[in-house]
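Structural description and commentary
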Amino acid sequence: MENEWKEKAASYYRDGLKITDIAVLLEVSRQSVSAYVKTLPDLEEVKEKRRIMAAKARRNYKTAKQRTYRKMEGMMAVTGETLRREHDLAAMELSREIYH
């Protein structure tokens, strides 16, 4: 019984699940899962694989975010007129704070 959760924990960890998620799935404490995972013989290989997966996910996230920002730039283009309007509003606000 005890080895069953350990085998499953190792398998889940290799598949990329977080220790907290593994603990919830197997109904074992997070500390127990963490301690066992640290004893895996191929831990460094698994960690490196997870680092690579995280880097790819981060890169994809950043790329998608940049695409979103570029789309927004088209809708909210900064022109001389928009800069002048923003400056005038800021100047009015500051002068109101100072003199009123």
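This structure is a prediction, so every number in the text was calculated from the model and none was measured. (Residues numbered from 1 in each chain as written. Predicted model: local features only at pLDDT ≥ 70, side-chain atom pairs only at ≥ 80, totals over all residues. Heavy atoms only, no water.)

This paragraph deals with the environment of P41. Locating P41 in the fold gives a position in the loop between helix 3 (30-37) and helix 4 (43-75). As a C-alpha pair, P41 and K56 span 15 residues in sequence and 25 Å in three-dimensional space. (Helix = DSSP H or I, 4+ residues; strand = E, 2+ residues; numbered from the N terminus.)

Between helix 2 (residues 19-26) and helix 3, the shortest axis-to-axis distance is 8 Å and the interhelical angle comes to 115°. Here helix 2 runs over helix 3; the crossing is right-handed. Of the residues in helix 3, those in contact with I19, T20, I22 and A23 of helix 2 are R30, V33 and S34. Here the residues of the contact of helix 2 with helix 3 sort into four nonpolar, two polar and one charged. (Axes fitted to C-alpha atoms, helices over the stretch in contact; angles between N-to-C directions. Left-handed = near helix turned anticlockwise from the far one by under 90°. Contact = heavy atoms within 4.5 Å. Nonpolar A, V, L, I, M, F, W, Y, C, P; charged D, E, K, R; others polar.)

Time to look at unusual backbone geometry. The backbone phi angle of E27 is positive, close to 55°, even though this residue is not glycine. On the basis of relative accessible area, E27 is assigned to the exposed category, the value being 73%. (Buried < 20%, exposed > 50% of the residue type's maximum accessible area, 1.4 Å probe, protein only.)

Right, let's get into the pattern of salt bridges. Pairing between side chains of opposite charge can happen when their charged atoms approach one another. A full pass over the atoms with the stated rule returns three salt bridges. Here R51 ties to E48 by a salt bridge, and the two come within 2.8 Å at their closest N and O atoms. Of the two residues, R51 and E48 are both situated in helix 4; the distance of three residues between them amounts to about one turn of the helix. A salt bridge links R84 to E81; the shortest N-O distance between them is 3.1 Å. Here R84 pairs with E81, and both are found in helix 5 (residues 80-99), just three residues apart, close to one helical turn. Overall, R84 belongs to the partly exposed group, its relative accessible area being 48%. (Salt bridge = Lys/Arg side-chain N within 4 Å of Asp/Glu carboxyl O.)

Any link to function would need more than the numbers given here.
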